[in-house]
Amino acid sequence: MSEQNESVIETPEGVELPSDALVVAENVHKSFGRLEVLKGIDLQVERGEVMCIIGPSGSGKSTFLRCVNHLEKLTAGRLWVNGELMGYRQKRGKLYELRETEVAAQRSDIGMVFQRFNLFPHLTVLGNIIEAPVQVKRVPKAQATAKALDLLERVGLPDKATAYPDQLSGGQQQRVAIARALAMEPSLMLFDEPTSALDPELVGEVLDVMRDLAENGMTMMVVTHEMGFAREVGDSLVFMDDGVVVEAGDPAEVLGNPQHERTRAFLSKVL
Amino acid sequence: MGGPEPSNTPAPGRPAEPITAVPVRYPERWVAAGAVLLLASMFVHMLFTNDAFNWPFMVDHMFSDPVVRGVWVTISATVLSMVIGIVLGIVLAVMRLSGNPVLSTVSWLYTWFFRGVPRLVLAVLFGNLAILYQTIELGLPFDNYWMAWLGLEGDARFFEIDTRTLLSGYVAGLMALSLSEGAYMAEIIRAGLQSVDKGQTEAAQALGMSRSKVLRRITLPQAMRVVIPPTGNETIAMLKDTALLAYVPVTIELFYQLQAIGARTYQIFPMLVAACLWYLAITSVLMVGQYFIERRFNPGQYGGIRNRIVGGAH
Ligand SMILES: Nc1ncnc2c1ncn2[C@@H]1O[C@H](COP(=O)(O)OP(=O)(O)O)[C@@H](O)[C@H]1O
Ligand SMILES: [Mg+2]
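Since the model is a prediction, treat every value here as computed from it, not as a measurement. (Residues numbered from 1 in each chain as written. Chains lettered and ligands numbered in written order. Predicted model: local features only at pLDDT ≥ 70, side-chain atom pairs only at ≥ 80, totals over all residues. Heavy atoms only, no water.)

Caption draft 1: Examining the overall build of chain A more closely. A count of helices and strands for chain A gives nine helices and 14 strands. Taken against the 2.2 N^0.38 rule, which gives 18 Å for 271 residues, the C-alpha radius of gyration of chain A at 19 Å falls within 12% of a compact globule. With respect to the principal axes defined by its C-alpha atoms, chain A has extents near 50 × 50 × 35 Å. Looking at chain A residue by residue over its 271 residues, the buried ones come to 56%. Intrachain contacts of chain A at a sequence separation of at least 6 include 62% that bridge at least 24 residues. When the accessible surface of chain A is summed, it comes to about 11,800 Å², and 46% of that surface belongs to carbon and sulfur atoms. (Helix = DSSP H or I, 4+ residues; strand = E, 2+ residues; numbered from the N terminus. Rg over C-alpha atoms; globule rule 2.2 N^0.38 Å. Buried < 20%, exposed > 50% of the residue type's maximum accessible area, 1.4 Å probe, protein only. Contact = heavy atoms within 4.5 Å. Areas by Shrake-Rupley, 256 points an atom, 1.4 Å probe, with all protein chains shown as cover.)

Caption draft 2: Broad picture of the site of ligand 1. All names here are of chain A. Residues in contact with ligand 1, as listed here, are Phe-32, Leu-35, Val-37, Pro-56, Ser-57, Gly-58, Ser-59, Gly-60, Lys-61, Ser-62 and Thr-63. One nitrogen or oxygen atom from the main chain of Gly-60 is found 3.0 Å from an oxygen atom belonging to ligand 1. The contact in question runs from an oxygen atom of ligand 1 to an N or O atom on the side chain of Ser-62, over 2.6 Å. Protein burial of ligand 1: of its 560 Å² of free accessible surface, 59% is covered by the chains. When contributions to the shell around ligand 1 are tallied by element, the ones reaching two or more residues are strand S4 (35-45) and helix H1 (61-68). Within the shell around ligand 1, the residues separate by chemical class into four nonpolar, six polar and one charged. (Near = heavy atom within 4 Å. Polar contact = N/O pair within 3.5 Å; in protein donor to acceptor, adjacent residues only side chain to side chain. Nonpolar A, V, L, I, M, F, W, Y, C, P; charged D, E, K, R; others polar.)

Caption draft 3: Representation of the packing of helix H5 (residues 119-127) of chain B against helix H9 (residues 169-195) of chain B within the structure. Residue and element names in this part refer to chain B. In the contact formed by H5 and H9, the axes pass within 8 Å of each other and the chain directions differ by 140 degrees. Put simply, H5 runs oblique to H9. As H5 packs across H9, the resulting crossing turns out to be right-handed. Contacts from Arg-119, Leu-122, Ala-123, Phe-126 and Gly-127 of H5 reach H9 at Ala-172, Met-175, Ala-176, Leu-177, Leu-179, Ser-180, Glu-181 and Tyr-184. (Axes fitted to C-alpha atoms, helices over the stretch in contact; angles between N-to-C directions. Parallel < 35°, antiparallel > 145°, perpendicular 65-115°, else oblique. Left-handed = near helix turned anticlockwise from the far one by under 90°.)

Caption draft 4: Focus on the interface of chain A and chain B. Across the contact, 27 residues belong to chain A and 24 residues belong to chain B. The largest share of the area that chain A buries against chain B comes from Phe-120, His-122 and Tyr-164 of chain A, three residues that together contribute 25% of it. Summed over the shared surface of chain A and chain B, the number is two salt bridges. Salt-bridge contacts for Arg-66 of chain A lead to Glu-202 of chain B; the nearest nitrogen and oxygen are separated by 3.0 Å. One can count eight residue pairs in polar contact (both at pLDDT 80 or more) joining chain A with chain B. (Buried area = accessible area lost by both parts, 1.4 Å probe. Salt bridge = Lys/Arg side-chain N within 4 Å of Asp/Glu carboxyl O.)

Caption draft 5: Just the nonpolar core, in detail. Residue and element names in this part refer to chain A. Ranked by internal contacts, the top residues of the largest apolar core, which has 52 residues, are Ile-129, Ile-178, Met-189, Phe-191, Met-210 and Met-220. The dominant element in this core, judged by the number of residues it contributes, is helix H6 (residues 200-215), at eight residues. Beyond its immediate stretch of four places on either side in the chain, Phe-191 contacts Leu-65, Val-113, Ile-178, Met-210, Leu-213, Met-220, Met-221, Val-222 and Val-223. The next biggest cluster of nonpolar side chains, apart from the first, holds 40 residues, and it includes Ala-25, Leu-43, Ile-53 and Cys-67. (Core = buried A, V, L, I, M, F, W, Y, C linked by side-chain atoms within 4.5 Å.)

Caption draft 6: Representation of empty space enclosed by the protein within the structure. If you walk through the whole model with that rule in mind, you get two cavities of 30 Å³ or more. Along its surface, the largest cavity is lined by Gly-111, Met-112, Phe-114, Ala-177, Arg-180 and Ala-181 of chain A together with Ala-203, Ala-206 and Leu-207 of chain B. Ranked by residues supplied to the lining of the largest cavity, first place goes to helix H5 (residues 170-182) of chain A with three residues. Looking at the lining of the largest cavity residue by residue, the classes come out as seven nonpolar, one polar and one charged. Of the pockets and cavities examined, the second largest cavity occupies roughly 30 Å³. Lining the second largest cavity we find Arg-107, Ser-108, Ile-110, Gly-111, Ala-181, Met-184 and Pro-186 of chain A together with Ala-206 and Leu-207 of chain B. Of the residues contributing to the lining of the second largest cavity, the split by class is six nonpolar, two polar and one charged. (1 Å grid on protein atoms, 1.4 Å probe; cavity = no way out; pocket = protein on both sides within 12 Å on 5 of 7 lines; lining within 4 Å. Points joined across faces, edges and corners; volume = space filled by probe spheres on them.)

Caption draft 7: Seen up close, the environment of Thr-105 of chain B. When you line up the elements, Thr-105 of chain B lands in helix H4 (residues 101-116). Linking Thr-105 of chain B and Gly-127 of chain B, residues 22 residues apart in sequence, is a C-alpha distance of 28 Å.

Caption draft 8: Focus on the sheet that holds strand S14 (residues 244-249) of chain A. Residues and elements named next belong to chain A. If you walk across this open sheet you meet the six strands as S10-S11-S12-S5-S13-S14, and the pairing is mixed. In this open sheet, the two edge strands, each paired with only one partner strand, are strand S10 (110-113) and S14. The sheet shows a mean angle of 15 degrees between the axes of neighbouring strands, taken without regard to direction. Here strand S13 (residues 236-241) runs beside S14; their pairing, made up of five bridges, is antiparallel. (Pairing = 2+ DSSP bridges.)

Written out as structure tokens, the structure is:
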């Protein structure tokens, strides 16, 4: 994570944003009924930064990622992506919920890759990739198809355009899912344990695609258990436990010289 | 390390003798078959010796013009009420799952009513709607109260039509059948929509698709797999239920026509047999169609939907 920016940025709504980072989370809380899952998350992701998030199961990593693209509503706090307050409009100190279509528009700028791929089984690989550009952005079909074929080339699956998801291996499906998210030309990519559902020998091919993305300047938030990836590709590392950020900083620093007992305990189990 | 040299060819299996054993005998099967054969021959004997069947008369009248027209009325009523029922069912299912308490309750009440009242009662009820409203008028509601209250003369009705003109027996019967079918289809489609993995909706939403797009492009097509087999059963059931139109009454309908001929000629039984044969014939055709459709939309596999959408080409 980068240092706190001193300057204050004015958003179009005239609300003060603490920095010009791409993602700004301020005291994010999330409860499901009585269960408080996120207990005040503060963090920032700069443009082009790759932030890896680690932590034990149930610590709220997925919930936090889902708050970033507003698949979950925050119970308290604020979250900005690209200068836009996610899910709300702030006017004269009052919050107004955005309409469903406005939230959808905000989401279309944020790609998300899931642990279980979630490809659309009734569509071909090509159909999966062009669905959102054609349906949401109204990109002409021919143009979307050309772009999709480029993306398939990029994720190493140039000959799978007409295949169906259930004809692909897990690693191939996940690479298609990445291509599907990239087709919307997002400014931020969220990855929720993208390799956790894969057989060990298929993990590498997905990480390679993600590494390539990172090298090309994509801003990424990656929940992962792949410490090697976090160390080599990540610009910052966040350790979450029980709904709070316990420790954050340079990946080599956090992994090599953890400051907190909880971090040490977790790392001793996974390393 | 000792042990045998690893070889590149797999070890050949040892030769084995095929099993030869005396199979178990089932003498009771022969007894059952004999009993069935006896009963069947008694039945066939009766078909040919009992004069009440009057086969020549039946064959003569089964294909008469009004009966054949009745067959087409039956088929058209089946198709139309299923189409309307399916559209209604989709709307009701979406309302039910919408999370909007008003829409959800309305949908529940609708389903409760139309599943709770027998179709026969609905058919007669819709046939008698003209008792409730002699004319159907289009205008502003409660005008007889507020026009007077505002001190205005006349009424706020712009258009009126005689109920019996609008609601011919056929239309009334069709409404009864399709409104009732909507309730059953709503439950089937709801189960189908709920069978689609939640991750599908999330992935689509994360891509920026609106809720209605997610429904039309992602969830409904996947729900088809679960929805289609019971819809086939509903269609066959509907074909048989069109006989209820006779009680609206819809005089051009198949069962009404067959009964009318029977009553007129005092040949009631042959015409009832003719009705059985006609319904059996049409349901058999539908069952063949159902077999092929279900093979395409095989549950558990997306091969079915795939073939349907891309014409089997890949
Ligand atoms: N929709 C939900 N309803 C209720 N509880 C939930 C829901 N989603 C997550 N939780 C709970 O929130 C906690 C954190 O979950 P999650 O964010 O998935 O953790 P992680 O991804 O770090 O394993 C867990 O205790 C989980 O049971
Ligand atoms: Mg998780």
